[in-house]
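Letter by letter, the chains look like this.
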Amino acid sequence: MFKYDIVIIGAGPAGLTAGLYAGRAGLNTLILEKISLGGRVLFTEKIENFPGVGKEISSSDLIKNMEDQIRQFNNVEIVFDEVKDIDTELKKIFTLHNTYETLSIIVATGARSKKLGIKGEDEFLGRGVSYCAICDGPLYRDKEVAIVGGGDSAIKEALFLSRFCKKVNIIHRRNILRASPLLQDKLIREPNIELILNSRVLEIRGKDKMEEILIEDLTTGNSNLLKCAGIFIYVGLQPNTEFLRGKISLDEEGFILTDENMLTSREGIFACGDCRRKSLYQIITACSEGAIASNSAENYINSIKKF
Ligand code: NAP
């Protein structure tokens, strides 16, 4: 069986950057991606804080540019397949359709949206409940919607929805938002966004599709119903690391623990991007970690090839 130098699992900005650096280093590289290139970044419409892109760039253009850069290298292959398991000792990767052998592995599987875990959330998924305003938002044109969360994702997507929804209600459990001041500044200028603070959603109700949500005011304990056609949930990230449980060190939430060289608890296995425990979850940090992971993998490969 052909043995790759590096197999990169996941093709978001972290995995694509790792692939670019591996390509430039002349390493035989395989990138395995489950769905489509880009990952969670494609859930954002515009990117304004990536150096060198000017005022803004669409996330799809940014990813297309990254893909084009990688496609120049014949030593980098991209395969769409889902990784089910890995053998950390033998460095074998088992996907839905194949088994791959490699000298090193870079995990760049990213993260997905966390669920609220409330009544109606699963029942009305795709019928009012969404985790992606970019994907589903246009279905709610001229309608009233709710967003749950107070972080960057919630506020960014509230701003996006406010452009065409009748009203956007942001429901946040504390009285201050976690989002960056720049985003908060934009928020207060939108007349059709209302902040519902110190509150939590208890239940999503409806018949064929969702019609209303039950909200509890955490300061008074009182509950009230809010009629809305959609609810967009942005309450943080859940790392895509289930297949690594018991194989490499993860924190209590499932984020991968690495050192500053992106090395995990297992020799020859590196991790980068949103699947990693870190302090700043941004495209720029994902890319930077992808470059470091690739360089570390290259050093590791050179060290084992000497023997
Ligand atoms: P986040 O920063 O972790 O924010 C999650 C929000 O959800 C917080 O406001 C949190 O409330 C709230 N929350 C958590 N669990 C909840 C629950 N069970 N019920 C109700 N509310 C709950 O997540 P994120 O906004 O998805 O962002 C993830 C990372 O990506 C962050 O590091 C963020 O900076 C980054 N990001 C950056 C950009 C950008 O444009 N630069 C865009 C998107 C994301 P508390 O505040 O009370 O904890």
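As a reminder, the structure under discussion sits directly above these lines.
All figures in this text were calculated on a predicted structure; none of them were measured in a lab.

**Section: the layout of surface pockets**
For step 1, the next point in the chain: Estimated volume of the second largest pocket: approximately 310 Å³.
For step 2, the next point in the chain: Together, 16 residues line the second largest pocket, and Lys46, Glu48, Leu159, Phe160 and Arg163 are the ones closest to its centre.
For step 3, the next point in the chain: Those elements that place two or more of their residues in the lining of the second largest pocket are helix 4 (152-162) and helix 5 (181-188).
For step 4, the next point in the chain: The element contributing the most residues to the lining of the second largest pocket is helix 4, with five residues.

**Structural notes on the pairing of strand 13 (residues 193-196)**
For step 1, the next point in the chain: When strand 12 (residues 167-171) meets strand 13, the two strands line up parallel, connected through four bridges. Directly across from Val168, in strand 13, lies its bridge partner Ile193.
For step 2, the next point in the chain: With respect to chirality, the unit in which strand 12 leads through helix 5 into the neighbouring parallel strand 13 is right-handed.

**Examining the sheet that holds strand 11 (residues 144-148)**
The strands making up a sheet associate through hydrogen bonds between their backbones, and the pairing can be parallel or antiparallel.
For step 1, the next point in the chain: One open sheet holds the five strands; their spatial order is 10-17-11-12-13, and the pairing between them is parallel. The sheet terminates laterally at strand 10 (129-130) and strand 13, the two strands that pair on one side only.
For step 2, the next point in the chain: Sheet strands in contact with helix 4 are strand 11, strand 12, strand 13 and strand 17 (230-233), and its direction is about 170° off that of strand 11.

**Focus on the state of the cysteines**
For step 1, the next point in the chain: Under the definition given, this model contains one disulfide.
For step 2, the next point in the chain: Residue pairing for Cys132: its cysteine sulfur links by disulfide to Cys135, the two sulfurs lying 2.0 Å apart. Taking the sign of the S-S torsion, about 75° here, the bridge from Cys132 to Cys135 comes out right-handed.
For step 3, the next point in the chain: Overall, the relative accessible area of 4% leaves Cys132 in the buried class.
For step 4, the next point in the chain: Cys135 gets classed as partly exposed once you look at its relative accessible area, which sits at 45%.
For step 5, the next point in the chain: Looking at the unpaired Cys165, the closest cysteine sulfur is the one in Cys228, lying at 10 Å.
For step 6, the next point in the chain: Unpaired in terms of disulfides, Cys275 finds its nearest cysteine sulfur in Cys272, a separation of 6.4 Å.

**Quick word on the nonpolar core**
For step 1, the next point in the chain: Residues Ile6, Phe50, Leu62 and Ile106 are the most contacted members of the largest nonpolar core, which totals 36 residues.
For step 2, the next point in the chain: For this core, the secondary structure elements donating two or more residues are strand 1 (3-9), helix 1 (13-24), helix 2 (59-71), strand 5 (76-80), strand 8 (99-107) and helix 6 (283-305).
For step 3, the next point in the chain: Top contributing element to this core by residue count: helix 6, with seven residues.
For step 4, the next point in the chain: If sequence neighbours within four positions are ignored, Ile6 has contacts with Ala22, Leu27, Asn28, Thr29, Leu30, Thr102, Ser104, Ile106, Ser294, Ala297 and Ile301.
For step 5, the next point in the chain: Counting 21 residues, the second-largest nonpolar core is a separate cluster that includes Leu161, Cys165, Ile170 and Ala179.

**Digging into the site of the ligand**
For step 1, the next point in the chain: Taken together, 19 residues sit near the ligand, with Gly150, Asp152, Ser153, Arg174 and Arg178 positioned nearest.
For step 2, the next point in the chain: Within the contact set of the ligand, an oxygen atom lies 2.7 Å away from a side-chain nitrogen or oxygen of Asp152.
For step 3, the next point in the chain: At 2.6 Å from an oxygen atom of the ligand is found a side-chain nitrogen or oxygen belonging to Arg178.
For step 4, the next point in the chain: Look at the ligand: alone it shows 910 Å² of surface, and the protein chains cover 78% of it.
For step 5, the next point in the chain: For the shell around the ligand, the residue count by class is five nonpolar, eight polar and six charged.

**Regarding the environment of Val235**
For step 1, the next point in the chain: Within the element layout of this structure, Val235 appears in the loop between strand 17 and strand 18 (237-239).
For step 2, the next point in the chain: Assessed through its relative accessible area of 28%, Val235 is described here as partly exposed.
For step 3, the next point in the chain: Between the C-alpha atoms of Val235 and Lys114, which are 121 residues apart in sequence, the distance is 6.0 Å.
For step 4, the next point in the chain: Once you skip the residues sitting within four places of it in the chain, Val235 turns out to touch Lys114, Lys115, Leu116, Val148 and Gly149.

Rules behind the numbers
- Residues numbered from 1 in each chain as written.
- Predicted model: local features only at pLDDT ≥ 70, side-chain atom pairs only at ≥ 80, totals over all residues.
- Heavy atoms only, no water.
- 1 Å grid on protein atoms, 1.4 Å probe; cavity = no way out; pocket = protein on both sides within 12 Å on 5 of 7 lines; lining within 4 Å.
- Points joined across faces, edges and corners; volume = space filled by probe spheres on them.
- Helix = DSSP H or I, 4+ residues; strand = E, 2+ residues; numbered from the N terminus.
- Pairing = 2+ DSSP bridges.
- Right-handed = clockwise from strand over helix to strand, strands pointing away.
- Contact = heavy atoms within 4.5 Å.
- Axes fitted to C-alpha atoms, helices over the stretch in contact; angles between N-to-C directions.
- Disulfide = S-S within 2.5 Å.
- Buried < 20%, exposed > 50% of the residue type's maximum accessible area, 1.4 Å probe, protein only.
- Core = buried A, V, L, I, M, F, W, Y, C linked by side-chain atoms within 4.5 Å.
- Near = heavy atom within 4 Å.
- Polar contact = N/O pair within 3.5 Å; in protein donor to acceptor, adjacent residues only side chain to side chain.
- Areas by Shrake-Rupley, 256 points an atom, 1.4 Å probe, with all protein chains shown as cover.
- Nonpolar A, V, L, I, M, F, W, Y, C, P; charged D, E, K, R; others polar.

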